[in-house]
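One-letter residues, chain by chain:
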Amino acid sequence: MFSPNFFIEIEMIQIKLKYFFILVALLATFASGAYVKSIFTPSIAVVNLEQVLEQSPKLNAIRQDNEAKLNELTQWIDEVNKEIDAETDAVKHQKLANQYRKLTSEKEKVIKQEYNNRLKEVDAEITALIDRVAKQHGCNFVFANTSMVSGGKDITNDVIKELKK
């Protein structure tokens, strides 16, 4: 019915099919590995934070406002010192000095707290902006350019453009 060569030929076809499927499986594994690597390979951006902060209109406004408040405080202190110096009674002089020292400290504390709160808001906004620009460039990690010796895509100018919008 079947010749002995027929069974040998069937066995050879089976061996070839086995090797073919092994080869296809290896190629599929390699291709999926390359695809996964391309997806998960970190893409790094760098940004010059100093330049970004210098160009921030909001941060500059906060700094100017804080400087104006500190100047007002300095003028107020000058007026208070004149008032204290005008007091001739030693006890009243000391009491007045202590009272104004405490008030000055409270005013300084309020100015610093308000300034720090506003800085935190700007920091959060700039960080979110940097993250958004980095994602637009396909980068999933951002380092300050002072932290990188080499490499990374510099997104500083794009961040500054977005910041000024």
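Please refer to the structure placed before this passage.
Structure report, in brief. Since the model is a prediction, treat every value here as computed from it, not as a measurement.

1. Side note on a nonpolar patch on the surface
1) Next: Judged by side-chain polarity, Met-12, Ile-15, Tyr-19, Ile-22 and Leu-26 come together as a nonpolar surface patch covering roughly 510 Å² of accessible area.
2) Next: Secondary-structure assignment places Met-12 in helix H1 (residues 4-40).

2. Regarding empty space enclosed by the protein
1) Next: This model, assessed by the stated rule, comprises one cavity of 30 Å³ or more.
2) Next: Counted as a void, the largest cavity has a volume near 30 Å³.
3) Next: Ile-62, Asp-65, Asn-66, Lys-69, Ile-111, Glu-114, Tyr-115 and Arg-118 together form the lining of the largest cavity.
4) Next: Of all elements in the fold, only helix H3 (57-86) and helix H4 (90-136) reach the threshold of two or more residues within the lining of the largest cavity.
5) Next: Residue classes in the lining of the largest cavity are distributed as three nonpolar, one polar and four charged.

3. Quick notes on the pairing of strand E1 (residues 44-47)
1) Next: Two elements, E1 and strand E2 (residues 141-144), share four bridges in a ladder whose sense is parallel. Counterpart to Val-46 in the pairing with E2 is Phe-143.
2) Next: Judged from the two bridges that link them, E1 and strand E3 (residues 153-154) form a sheet pairing that is parallel. Within the sheet, the bridge partner assigned to Ala-45 lies in E3 and is Lys-153.

4. Structural notes on the environment of Lys-112
1) Next: You can see Lys-112 is positioned in helix H4.
2) Next: Between the alpha carbons of Lys-112 and Leu-70 there is a distance of 9.5 Å; along the sequence they are 42 residues apart.

5. Section: the side chain of Ser-56
1) Next: Its location among the elements puts Ser-56 in the loop between helix H2 (49-54) and H3.
2) Next: The class for Ser-56 is buried, based on a relative accessible area of 2%.
3) Next: Each residue touching Ser-56, except ones within four places of it in the same chain, is listed here: Val-122, Ile-126 and Leu-163.

6. A short note on the pattern of salt bridges
1) Next: A complete count under the given rule lists eight salt bridges for this structure.
2) Next: Salt-bridge contacts for Arg-118 lead to Asp-65; the nearest nitrogen and oxygen are separated by 2.6 Å. Here Arg-118, found in helix H4, pairs with Asp-65, found in helix H3; they are 53 residues apart in sequence, far enough to count as distant.
3) Next: On the basis of relative accessible area, Asp-65 is assigned to the partly exposed category, the value being 27%.
4) Next: When the shortest N-O distance is used, the salt bridge between Arg-118 and Glu-114 registers 4.0 Å. Placement of the pair is Arg-118 and Glu-114 together in helix H4, with a separation of four residues, close to one helical turn.
5) Next: Judged by its relative accessible area of 26%, Arg-118 falls in the partly exposed class.
6) Next: By sharing partners, the salt bridges in this structure join Asp-65, Lys-69, Glu-114 and Arg-118 into a single network.

Basis of the calculations
Residues numbered from 1 in each chain as written. Predicted model: local features only at pLDDT ≥ 70, side-chain atom pairs only at ≥ 80, totals over all residues. Heavy atoms only, no water. Patch = residues over 30% accessible without salt bridge, like charges linked within 9 Å, V, L, I, M, F, W, Y side chains within 5 Å. Areas by Shrake-Rupley, 256 points an atom, 1.4 Å probe, with all protein chains shown as cover. Salt bridge = Lys/Arg side-chain N within 4 Å of Asp/Glu carboxyl O. Helix = DSSP H or I, 4+ residues; strand = E, 2+ residues; numbered from the N terminus. 1 Å grid on protein atoms, 1.4 Å probe; cavity = no way out; pocket = protein on both sides within 12 Å on 5 of 7 lines; lining within 4 Å. Points joined across faces, edges and corners; volume = space filled by probe spheres on them. Nonpolar A, V, L, I, M, F, W, Y, C, P; charged D, E, K, R; others polar. Pairing = 2+ DSSP bridges. Buried < 20%, exposed > 50% of the residue type's maximum accessible area, 1.4 Å probe, protein only. Contact = heavy atoms within 4.5 Å.

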